[in-house]
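# Fold and contact review
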Amino acid sequence: MHVLILGATGAAGVLLIQEALAASHTVVVYARSPEKLPEETRNDPRVTIHKGQLDDREALSSAMKGVDAVLSALGPSVSRGPMHPKGTPLARAYSLIIELMKSHSVHRLLALGTPSITDPNDKFSLRMSIIVNGVATLARTAYEDVVAIGETIRTQGNDLDWTIARVPLLSGSNDKNFVVGYVGDGKTGIWLTRAGFALFVVQELENNKWVKKAPLITLP
């Protein structure tokens, strides 16, 4: 498939590009600072790069032409944490992304989320509750933006085949093992590698097992 990857210059996004290419997909990258991409990625003939902001309708629309799916690693920067901008900028970006997907007849969206986005299938987990409440307290604007991302995708993206891949605490290990479930189901944990996230997204792009669902992806 020909896929558009957002959030591509972050650690998870770079791995997502690599995983998509390894699965024989071709990639369009839309990024504010594409020069942050590894040189190998920038020079790969299977990768097309578009530069632009998330609120630039014309540039984003141009990047979306001809793609089969949108894979997004967009999320609040962990390093900025409490400094995340007010006004849910990422959720507003998703509103535009979804609008443009519809106009270009792109139906598949796989997006990064966190357990701050709740799901009816979730059960109580003390460890996860502590983590989510900690984020809500210490990084309120980031928490509000993530929650709004979930609401935006579920409401405005009702006509799309979306999957929200909710991830817990992320590590940089190369371990690609993962399990898929929901909070408090007895099999999911509180850690996942970015490599595991990337592999899940690319496999789900091909398998479509979690359409219109928001599973939790964690290490076994």
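These remarks concern the structure in this document. (Residues numbered from 1 in each chain as written. Predicted model: local features only at pLDDT ≥ 70, side-chain atom pairs only at ≥ 80, totals over all residues. Heavy atoms only, no water.)

### What about the overall build of the protein?
Our working rule: Runs of H or I in DSSP of at least four residues are treated as helices and runs of E of at least two as strands, each being numbered from the N terminus. As a reference, a globule follows 2.2 Å times the number of residues to the power 0.38, and the radius of gyration itself is taken over C-alpha atoms. Remark: exposure states derive from per-residue accessible area (1.4 Å probe, protein chains only) relative to the maximum for the residue type, with buried under 20%, exposed over 50%, and partly exposed in between. Any pair of residues with heavy atoms lying within 4.5 Å of one another is described as a contacting pair. Method for areas: the Shrake-Rupley scheme with a 1.4 Å probe, in which residue coverage is limited to the protein chains shown. Counted as positive: Lys and Arg. Counted as negative: Asp and Glu. His and the chain ends are not counted at all. Positions of charges follow a simple convention, taking NZ of Lys, CZ of Arg, CG of Asp or CD of Glu.
Counting secondary structure elements, the protein contains seven helices and ten strands. Taken over C-alpha atoms, the radius of gyration comes to 16 Å for the protein, in line with the 17 Å a tight globule of 220 residues would show. On the principal axes, the C-alpha backbone points of the protein span a range of 45 × 35 × 35 Å. Counting all 220 residues of the protein, 50% fall into the buried class. Nonlocal contacts in the protein, meaning residues at least 24 apart in sequence, comprise 72% of its contacts between residues at least 6 apart. As displayed, the protein has an accessible area near 10400 Å², and 51% of this comes from carbon and sulfur atoms. Distance between charge centres in the protein, computed from 23 positive and 21 negative side chains, equals 4 Å.

### Notes on the pattern of salt bridges
For clarity, the cut-off: Take a side-chain nitrogen of Lys or Arg and a carboxyl oxygen of Asp or Glu: if they are within 4 Å of each other, that pair is a salt bridge.
The full count for this structure, using the stated rule, is eight salt bridges. Across the pair Glu19 and Lys176 runs a salt bridge, and its minimum N-O distance is 3.0 Å. On the criterion of sequence distance, the pair formed by Glu19 in helix 1 (residues 11-22) and Lys176 in the loop between strand 7 (169-171) and strand 8 (179-181) is long-range, its members being 157 residues apart. Residue classification places Glu19 among the buried residues on the basis of a relative accessible area of 12%.

### A word on the pairing of strand 1 (residues 2-6)
Short version of the rule: Pairing between two strands requires that DSSP report at least two bridges joining them. Handedness rule for crossovers: strands pointing away from the viewer, path from the first strand over the helix to the second running clockwise, crossover right-handed.
Of all five residues in strand 1, four are buried, a share of seventy percent or more. In this sheet, strand 2 (residues 26-31) lies alongside strand 1 in parallel orientation, the contact comprising five bridges. By the bridge assignment, Leu4 is partnered in strand 2 with Val28. Crossover connection from strand 1 via helix 1 to parallel strand 2: handedness right-handed. Bridging between strand 1 and strand 4 (residues 69-72) involves four bridges; their strand directions are parallel. Residue pairing across strands places Ile5 opposite Leu71, the latter belonging to strand 4.

### Here we look at helix 4 (residues 89-103)
Operational definition: In this analysis, the expected span of each helix is defined as 1.5 Å times one less than the number of residues it contains.
When the terminal C-alpha atoms of helix 4 are compared, their 21 Å separation across 15 residues agrees well with the 21 Å that a helix rising 1.5 Å per residue should span. Of the positions making up helix 4, those classed as buried are Leu90, Ala91, Ala93, Tyr94, Leu96, Ile97, Ile98, Leu100 and Met101. Against the buried residues of helix 4 lie strand 1, helix 3 (57-64), strand 4, strand 5 (108-113) and helix 6 (140-156). Directly beyond the C-terminal end of helix 4, a positive phi value near 60° is found at Ser105.

### Thoughts on unusual backbone geometry
Even without glycine at this site, Thr88 takes up a positive phi of about 45°. Its location among the elements puts Thr88 in the loop between strand 4 and helix 4.

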